[in-house]
Amino acid sequence: MKYTKNAFERAENTLTARRIKAKEERAERISQIKFEAPEIYKMQQSLSSAGFSMIKFIGEGKKNIDVRSEVAKIRSRNLQTRETIGRLLVSFGYPEDYLQYHFYCPVCSDSGYHDGVRCQCLDKLLAKYTTEELNSQCSIMLHDFSEFRIDFYPAQTGNIAARERMSTVYNDCRAYADNFSDSSSSLFFFGKTGLGKTFLSSCIAKQLLSEGRNVFFGSILKLFRQIEDERFRRREGDTTEIIIGAELVILDDLGSEFQTSFTDAVLYEIINERLNLGRPTIISTNLSMKELDRKYNDRIVSRLTGCFLPIMFIGSDVRQEKRKMGI
Ligand SMILES: [Zn+2]
């Protein structure tokens, strides 16, 4: 997958910050032990000086001495000291690894590489930052759940208790964001225009983005323009791959795109690939089920109706209600 230069720079900065944090936190724990358990601290210091003497020893390269066996001896002594420190720490009520570095990613010690290949933690950062760049091109404003106003919805729409229904929808969206995981369901928001579909999807996006998750949020119209530009080589990028790899994808306003067999193929590819990988997607539309059926091919419709949890939005246009209330 192609990541941007900017994503590489940001990922490098994050890794550096993680390494500094691990170093500083360890230094703090060492100072605490120096004060609270000086005997352990002394042993820890002897370990550090043993490390220096080993480097010095190798550097001197004295003749008639078997460097390998001497180094092995020092190593085995160090290992024993480490084990003793661990046992002592536990007996003093600390965790066994209290004086070791606690890296964010123990696999690569926050270096981003493991056995000469890119570590998963670096791949995750690169994907997240590349998605964020895509999101920054999206003009949809992000909102907070606290801004939601249930009083914009009428108590009754036809014979449906609209306000009560929308209160449930709101609670379901909050719970979705609060309990989000890789195995969360895919959601299909449908209902007429101005009922809060984009608003509530943006709340989910905002909350999960603030938790550091890799979330793509954008309008289908803009997204397809960008993918078309890339596919027909007018522009560099790998948007489809980035979107398929995101933790959550929120596609706003299905049906607003200039529909071609190409956009249908891309839409199916994104929906289908993500479902196969078990990754959740949220799609919203103003189209009625009838219109959806008429506009899209069976493959897309059967995926949307069979694999997504339908969430119906009901009420009257919130924008009109706001105007009436003078907001
Ligand atoms: Zn790593």
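Every value quoted in this text rests on a predicted model; they were computed, and no experiment measured them.

Cut-offs used in this document
Residues numbered from 1 in each chain as written. Predicted model: local features only at pLDDT ≥ 70, side-chain atom pairs only at ≥ 80, totals over all residues. Heavy atoms only, no water. Helix = DSSP H or I, 4+ residues; strand = E, 2+ residues; numbered from the N terminus. Rg over C-alpha atoms; globule rule 2.2 N^0.38 Å. Buried < 20%, exposed > 50% of the residue type's maximum accessible area, 1.4 Å probe, protein only. Contact = heavy atoms within 4.5 Å. Lys, Arg positive; Asp, Glu negative; His and termini not counted. Charge placed at Lys NZ, Arg CZ, Asp CG, Glu CD. Domains from an automatic or database assignment. Salt bridge = Lys/Arg side-chain N within 4 Å of Asp/Glu carboxyl O. Axes fitted to C-alpha atoms, helices over the stretch in contact; angles between N-to-C directions. Parallel < 35°, antiparallel > 145°, perpendicular 65-115°, else oblique. Pairing = 2+ DSSP bridges. Donors = N, O, S within 2.8 Å, 3.2 Å for Na, K, Ca; no water. Tetrahedral: all angles 85-135°; square planar, octahedral: opposite > 155°, others 65-115°. Phe/Tyr/Trp six-rings, centres within 6.5 Å; stacked < 30°, edge-to-face > 60°.

1. Points about the overall build of the protein chain
Inference 1: Scanning the protein chain for helices and strands turns up 12 helices and seven strands.
Inference 2: Against the globule reference of 20 Å for 327 residues, the protein chain gives a C-alpha radius of gyration of 28 Å, more extended than a compact globule.
Inference 3: Taking the principal axes of the C-alpha coordinates as reference, the protein chain spans close to 90 × 45 × 35 Å.
Inference 4: Here the protein chain holds 327 residues, and the buried ones make up 40% of them.
Inference 5: Within the protein chain, residue pairs in contact and separated by at least 24 positions form 79% of the contacts whose partners lie at least 6 positions apart.
Inference 6: With 48 positive and 44 negative side-chain charges, the protein chain shows a spacing of 3 Å between the two charge centroids.

2. Regarding the environment of Cys 121
Inference 1: Within the secondary structure, Cys 121 sits in helix H4 (residues 120-136).
Inference 2: Considering only alpha carbons, one finds Cys 121 and Phe 199, 78 residues apart in sequence, at a separation of 32 Å.
Inference 3: With residues up to four places along the chain from it excluded, the contact list for Cys 121 reads Leu 15, Cys 105 and Cys 108.

3. Quick look at the domain arrangement of the protein chain
Inference 1: Examined at the domain level, the protein chain breaks down into domain 1 (5-121) and domain 2 (137-325).
Inference 2: Each of domain 1 and domain 2 has a C-alpha centre, and the two are 47 Å apart.

4. Considerations on unusual backbone geometry
Inference 1: In this structure, Asp 110 takes a positive phi of about 60 degrees despite not being glycine.
Inference 2: Structurally, Asp 110 can be placed in the loop between helix H3 (67-91) and strand S1 (113-114).
Inference 3: Asp 110 sits in the buried class, given a relative accessible area of 0%.
Inference 4: Positive phi is not limited to glycine here, since Asp 253 has a value of about 70 degrees.
Inference 5: Among the structural elements, Asp 253 can be located in strand S5 (residues 248-254).
Inference 6: The exposure class assigned to Asp 253 is partly exposed, which follows from its relative accessible area of 27%.

5. Details of the pattern of salt bridges
Inference 1: With the rule as written, the count across this model stands at 11 salt bridges.
Inference 2: Two residues, Arg 118 and Asp 123, come together in a salt bridge whose shortest N-O distance is 3.0 Å.
Inference 3: Among the residues examined, Asp 123 registers a relative accessible area of 26% and is labelled partly exposed.
Inference 4: The partner of Arg 213 in a salt bridge is Glu 247, with the nearest N and O atoms 2.8 Å apart. Highlighted residues: Arg 213 in the loop between helix H6 (197-210) and strand S4 (215-219) and Glu 247 in the loop between helix H8 (239-245) and S5, separated in sequence by 34 residues.

6. Thoughts on the packing of helix H7 (residues 220-231) against helix H9 (residues 261-276)
Inference 1: Two elements in contact, H7 and H9, have axes whose closest approach is 11 Å; the angle formed by their N-to-C orientations is 105 degrees. Here H7 is positioned roughly perpendicular relative to H9, judged by the angle of their axes. The residues of H9 that touch H7, namely those facing Ile 220, Leu 223, Phe 224, Ile 227, Glu 228 and Arg 231, are Phe 262, Thr 263, Val 266, Leu 267, Glu 269 and Ile 270.

7. Comments concerning the sheet that holds strand S6 (residues 281-285)
Hydrogen bonding along the main chain pairs the strands of a sheet, whether they run parallel or antiparallel.
Inference 1: With parallel pairing, the five strands of this open sheet are ordered in space as S4-S5-S6-S3-S7. The sheet is open, and its two borders are formed by S4 and strand S7 (308-312), each paired with just one other strand. With strand direction ignored, the average angle separating the axes of adjacent strands in the sheet is 15 degrees.
Inference 2: Here S5 pairs with S6 via four bridges, running parallel. Across the sheet, Ile 250 pairs through a bridge with Ile 282, a residue of S6.
Inference 3: The strands touched by H7 within the sheet are S4 and S5, with S4 carrying the most contacts at an inclination of about 100 degrees.
Inference 4: Along the sheet, helix H11 (residues 298-307) makes contact with strand S3 (186-190), S5, S6 and S7, crossing S7 at roughly 75 degrees.

8. Quick notes on the coordination of the zinc ion
Inference 1: Summarising the metal site, the zinc ion is bound by the protein donors Cys 105 (SG), Cys 108 (SG), Cys 119 (SG) and Cys 121 (SG), whose distances to it range over 2.2 to 2.3 Å.
Inference 2: The coordination sphere of the zinc ion comprises four donor atoms, whose angles at the metal cover 101 to 113 degrees; the geometry is tetrahedral.
Inference 3: Written as a sequence motif, the donor residues of the zinc ion are C-x2-C-x10-C-x1-C. Of this pair, Cys 105 sits in the loop between H3 and S1 while Cys 121 sits in helix H4, and the two are 16 residues apart along the sequence.
Inference 4: With a relative accessible area of 10%, Cys 121 lands in the buried category.

9. Side note on the packing of aromatic side chains
Inference 1: Considering all chains together, one arrives at 11 aromatic pairs under this definition.
Inference 2: A ring pair is formed by Phe 148 and Phe 199, whose centres lie 6.3 Å apart and whose planes are at 45 degrees; its orientation type is tilted. Taken together, the residues span a long stretch of sequence, with Phe 148 in the loop between H4 and helix H5 (162-178) and Phe 199 in helix H6 at a distance of 51 residues.
Inference 3: Residue classification places Phe 148 among the buried residues on the basis of a relative accessible area of 14%.
Inference 4: When the ring of Phe 232 is compared with that of Phe 262, the centres are 5.3 Å apart and the planes differ by 50 degrees; the resulting orientation is tilted.

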